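What the coordinates show
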Amino acid sequence: MKFSFSSEQDEFRSNLRRFLTDRSPAKEVRRLMETEAGWERDGWRHLNETLGLTALRIPEAHGGHGFGFGELCIVLEEMGRALLCAPYFATAVLATGAIMNAGTEAEKQKLLPDIALGDTVATLAAAEDDGRWDAAATTLIATPAGSGYRLDGHKSFVLDGHTADLIVVLARAPGSTGESGLSFFTVRDDAAGLERRLLKTMDPTRKLARLTFSGTEATLLGEAGAAAAPFARTMIEAAVCLANEMTGGAERLREDALAYAKMRMQFGRQIASFQSLKHKAADMLLDVELAKSAAYYAAAALDDGDEDVAATASLAKACASDAYTQTAIHAIQIHGGIGFTWDNDTHLWFKRAKSSEVLFGDASHHREQMMRHWAA
Amino acid sequence: MSEMNEASVRAEVRAWLEANWNPELGLIEWRNKLVDSGWGAPHWPSAWHGRDLPTGLVPVVEEEFKRIGAIGVAKAGIRVLAAATILSHGSDMQKEKFLRRSLTGQDTWCQLFSEPGSGSDVAGAVTRADLRGNQWVVNGQKVWTTSAHKADWGLLLARTDWDKPKHAGLSYFILDMKQPGVTVHPLKQMNGHASFNQVFLTDAVVPPEMLVDEVGHGWAVTTTTLMHERRGADGLRSWAVGSDRKGRCYDEERAEIATTMEPYKWYPQRAGRVDLVVKRAKETGRFDDPVVRQEIAKLLTMSKAAEWTARRARTAQEQGRPQGPEGSLGKLASSYIARAAARVHTQLTGADALLTGEDSPMGGVIAEILVSVPATSIAGGTDEIQHNIIAERVLSMPKEHSVDTGRPYRDVPRNMAG
């Protein structure tokens, strides 16, 4: 449904919001973001036992609940709102997406049930040091070795890459170039020759790792040499999911800034009574609502199988990138000096806005993608 | 009608149309029949040309009209506003005199609210109506009056009491436009069109029975008119397409639409013509310019997202759910889109943007976009007013401190003399 939610979806959202308000207050976000892992197994287990969130989109045949992107994106919007510290995006969007898009039936049977249960935390390693999320940029080499493969090279900007139990890796055959010769592989966290380093991230709620592979044993996922298309599909899904996550964060920032403006008195009146702030607040509402409309539309376009979903996904990501960043800038400005302090929570979402703006390509990149798909 | 439901209404209107619709009737003759039957304004009270139909069932009637190709009552914006206002606030005499002739299209109307000194602040009107002997005498100046030169009647907002605060001193009248005290001058706009008029009122007279509602109640009546205007703003763009069928009734309707729509012919350009952007980019060879591509993509993103936001609002309305804030944002979004579109059209047009008319691209359409877009953020409520409305009504932010509340209007500062 592109323009509305069902009453079941609305109820799902309000349950989630209650749960996340309770489980992920700013205090808890601050505690977890200071840890090296960035999340905790107990909280993760609770999330999946109570609400079955990693199982949401996985088909029932593979141990999941078989919902669509409509529901998945509600989860992401609410998590973005609560700034939940958990490896959910890496597991339920990226790794699950890659496995579902590329894997054989047998591979899905083997990998997905443990993800659905929340027992396996997984991620996708695609970008390298140059920070490009297009398949052609891949340099990591996969060499056949016995019945499996060995990987040599590196990956970077890997979401929760330092803590994931299972890593889906995009690599290429020796001597191949461009979009040919690309394959997905799975690597366990304890594989020999895998080195994982936590990167220092500007957004402490979004942990990234650099992975080095030195003759690391890997298992082929899907058809050898045919990963370009399922990877592209996975990145389209990721753009839509991230756009929805971003609108949740943007709305939270907007609401908090508005509440502050109504409470803060200067010159003997609420600063919310000043026209300069009222007009800013109206523009913030417009930015966020437009971004929500685009994100909701794109999620439904994935479920509906729209032919131009690649364009819609990029539109939604570009729209959300600009809206979230602009909302964050306004939110700090409305808070004034206190908004620039570490103790005020605004910067947590500001940093998430920044990291989301750039992750999987910035707004300019997605605008160009949109033009290529749409207006060609 | 004992029980009204979709099926019974559909059957009844269909039977009536099949028995009565005849495209060879004169337009006014047909509409008189329609008014007699109550199917012309079925949601109106049965005492006044309607059938007391719940508004939810009106689309059923419209569908049946469309199915058979029958013409409806006059829908041109201002007639509808006049009729709706008189229906809500008018006396029985006024209803008797005006409602039927508004529905048939025999009477045309104009709206005399805005003044040179009161634009966004409509309630700050200073056109005065003074009771002299047994009639009201009106003096002042009105502006932005669409179709005043053709109108039979004007909906007039005038100040009748200068000792009361701003809103309380206003009254609402029906003014006969065809009288010596009324002078109409076209107002030429920066894009060369003259869609509006200035109306000079010099000892124009209004008989007492043409006061609408009571003395001092003018603002409440004005609010009713403006509410219907806002509600109809979207409709205006869609209704004005005549049928291409043959028949006297269709011919006369086409002529009516052509007259009514004449002032609005530049409105598509005012909105920025986003629909032309990709085509123009390809024609002008700028399509591969990465800078231009970014600007086009930004424009298309905003335009699509605004369209989807409007759909969200409409869907909520159709489902009978409470409308979220998305319903109040369309006007503001369309201003931003129009400006962005004008910027992109300028980029695409290059030196040709120096030209206009037949020397310029698309026979002047592009030039007309560039000089029409500034109207979007002003007409129908400026961006500044839209921001205030969103902030106060949607976001519940406090109202600006007001300096004219509770003060006799004669003491309120007005425009400085030049």
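So, here's what we can say about the structure. (Residues numbered from 1 in each chain as written. Chains lettered and ligands numbered in written order. Predicted model: local features only at pLDDT ≥ 70, side-chain atom pairs only at ≥ 80, totals over all residues. Heavy atoms only, no water.)

1. Things to note about the overall build of chain A
Within chain A, the regular secondary structure consists of 11 helices and nine strands. Taking 21 Å as the expected radius of gyration for a compact globule of 376 residues, we find that chain A reaches 21 Å, a close match to that expectation. Across the 376 residues of chain A, 62% fall into the buried class. In chain A, of all internal contacts separated by at least 6 residues, the share reaching a separation of at least 24 is 76%. Looking at chain A as shown, the accessible area adds up to about 14300 Å², and 52% of this sits on carbon and sulfur atoms. Averaging the coordinates of the 40 positive side-chain charges in chain A and doing the same for the 51 negative ones gives two points 6 Å apart. (Helix = DSSP H or I, 4+ residues; strand = E, 2+ residues; numbered from the N terminus. Rg over C-alpha atoms; globule rule 2.2 N^0.38 Å. Buried < 20%, exposed > 50% of the residue type's maximum accessible area, 1.4 Å probe, protein only. Contact = heavy atoms within 4.5 Å. Areas by Shrake-Rupley, 256 points an atom, 1.4 Å probe, with all protein chains shown as cover. Lys, Arg positive; Asp, Glu negative; His and termini not counted. Charge placed at Lys NZ, Arg CZ, Asp CG, Glu CD.)

2. Digging into the overall build of chain B
A tally of regular secondary structure across chain B gives 13 helices and eight strands. Computed over C-alpha atoms, the radius of gyration of chain B comes to 24 Å, within 12% of the 22 Å expected from 2.2 N^0.38 for 418 residues, which places it in the range of a compact globule. Overall size of chain B, expressed as C-alpha extent along the three principal axes, is 70 × 65 × 45 Å. By sequence separation, contacts in chain B at least 24 residues apart represent 71% of the contacts at least 6 residues apart. If you sum the accessible surface of chain B, you get close to 20000 Å²; carbon and sulfur atoms cover 53% of it. Of the side chains in chain B, 51 bear a positive and 51 a negative charge, and the two mean positions are spaced by 3 Å.

3. Observations regarding the nonpolar core
In terms of nonpolar packing, the biggest core is built from 157 residues, with Tyr88(A), Phe89(A), Leu151(A), Phe184(A), Phe360(A) and Ile296(B) touching the most fellow members. If you tally residues by element for this core, the top one is helix 8 (residues 275-304) of chain A, at 17 residues. (Core = buried A, V, L, I, M, F, W, Y, C linked by side-chain atoms within 4.5 Å.)

4. Notes on the packing of aromatic side chains
Residues and elements named next belong to chain A. Considering all chains together, one arrives at 22 aromatic pairs over all chains under this definition. Note on Trp133 and Phe157: the rings are 6.1 Å apart at their centroids and 50° apart in plane angle, and the pair reads as tilted. Note that Trp133 is positioned in the loop between strand 1 (122-125) and strand 2 (141-145) and Phe157 in strand 3 (residues 148-159), a separation of 24 residues in sequence. Taking the relative accessible area as the measure of exposure, Trp133 reaches 18% and is therefore buried. Judged by relative accessible area, which is 32%, Phe157 ranks as partly exposed. Taken together, the aromatic side chains of Phe89, Trp133, Phe157 and Phe360 make up a single cluster linked through ring pairs. Geometry around Tyr297 places Lys2 over its ring, the cationic atom sitting 5.1 Å from the centre. (Phe/Tyr/Trp six-rings, centres within 6.5 Å; stacked < 30°, edge-to-face > 60°. Lys NZ or Arg CZ within 6 Å of the ring centre and 35° of its normal.)

5. A few points about the interface of chain B and chain A
Every contact between the two is made by 40 residues of chain B and, on the other side, 42 residues of chain A. A combined buried area of about 3600 Å² lies between chain B and chain A, and 65% of that area is made up of carbon and sulfur atoms. Among the residues chain B hides against chain A, the three largest losses belong to Trp308(B), Arg312(B) and Leu395(B). Together they make up 20% of the total. Where chain B touches chain A, the interface holds four salt bridges. Across the pair Lys278(A) and Glu392(B) runs a salt bridge whose closest N-O atoms are separated by 2.6 Å. (Buried area = accessible area lost by both parts, 1.4 Å probe. Salt bridge = Lys/Arg side-chain N within 4 Å of Asp/Glu carboxyl O.)

6. What to know about the packing of helix 1 (residues 7-23) of chain A against helix 3 (residues 41-51) of chain A
All names here are of chain A. Two elements in contact, helix 1 and helix 3, have axes separated by 12 Å at closest approach and are oriented at 160°. Relative to helix 3, the element helix 1 lies roughly antiparallel. Viewed along their axes, helix 1 and helix 3 form a crossing whose handedness is right-handed. Facing helix 1, whose interface residues are Leu16, Phe19, Leu20 and Arg23, helix 3 presents His46, Leu47, Thr50 and Leu51. Across the contact of helix 1 with helix 3, the residue classes break down as five nonpolar, two polar and one charged. (Axes fitted to C-alpha atoms, helices over the stretch in contact; angles between N-to-C directions. Parallel < 35°, antiparallel > 145°, perpendicular 65-115°, else oblique. Left-handed = near helix turned anticlockwise from the far one by under 90°. Nonpolar A, V, L, I, M, F, W, Y, C, P; charged D, E, K, R; others polar.)

7. Describing the packing of helix 1 of chain A against helix 4 (residues 69-82) of chain A
Residues and elements named next belong to chain A. Running from N to C, helix 1 and helix 4 point in directions that differ by 30°, and their axes come no closer than 10 Å. With respect to helix 4, the element helix 1 is oriented roughly parallel. Relative to helix 4, the crossing made by helix 1 is right-handed. Every residue of helix 4 that contacts helix 1 at Gln9, Phe12, Arg13, Leu16, Arg17 and Leu20 is listed here: Gly70, Glu71, Ile74, Val75, Glu77, Glu78, Met79, Arg81 and Ala82. For the contact of helix 1 with helix 4, the per-class residue count stands at seven nonpolar, two polar and six charged.

8. Describing the environment of Gly40(B)
All names here are of chain B. With respect to the element layout, Gly40 can be found in the loop between helix 2 (27-37) and helix 3 (58-68). In this structure Gly40 comes out as buried when scored by relative accessible area, which is 19%. Aside from chain neighbours lying at most four places away, what touches Gly40 is Leu34 and Val73.

9. Description of the pattern of salt bridges
For side chains bearing opposite charge, pairing can occur when the charged atoms are close. According to the stated counting rule, one finds 58 salt bridges over all chains in the structure shown. Linking Arg45(A) and Asp42(A) is a salt bridge whose minimum nitrogen-to-oxygen distance equals 3.8 Å. Placement of the pair is Arg45(A) and Asp42(A) together in helix 3, with a separation of three residues, close to one helical turn. Look at Arg45(A) and you get partly exposed, because its relative accessible area is 41%. Classification of Asp42(A) as exposed rests on a relative accessible area of 58%. Linking Glu115(B) and Lys142(B) is a salt bridge whose minimum nitrogen-to-oxygen distance equals 2.8 Å. Of the two residues, Glu115(B) sits in the loop between strand 1 (109-112) and strand 2 (128-132) while Lys142(B) sits in strand 3 (residues 135-146), which places them 27 residues apart along the sequence.

10. Brief notes about the pairing of strand 5 (residues 182-188) of chain A
Residue and element names in this part refer to chain A. Across the seven residues of strand 5, six count as buried, placing the element largely inside the fold. As paired elements, strand 4 (residues 166-172) and strand 5 share seven bridges and run antiparallel to each other. Opposite Ala171, over in strand 5, you have Ser183 as the bridge partner. (Pairing = 2+ DSSP bridges.)

11. As for the side chain of Gln189(B)
In this fold, Gln189(B) is placed in the loop between strand 6 (182-187) and strand 7 (196-206). Since its relative accessible area comes to 14%, Gln189(B) is described here as buried.

12. Structural notes on unusual backbone geometry
Here the phi dihedral of Phe157(A) falls at roughly 55°; this positive angle occurs in a residue that is not glycine. At Asp52(B), a residue that is not glycine, the phi angle is positive and equals roughly 55°. With respect to the helices and strands, the residue Asp52(B) is situated in the loop between helix 2 and helix 3. The exposure class assigned to Asp52(B) is partly exposed, which follows from its relative accessible area of 42%.

13. Quick word on the side chain of Gln9(A)
Residue and element names in this part refer to chain A. Along the chain, Gln9 falls in helix 1. Of the residues examined, Gln9 reaches a relative accessible area of 10% and is grouped as buried. For Gln9, the contacting residues outside a window of four places in its chain are Met1, Ser4, Gly70, Glu71 and Ile74.

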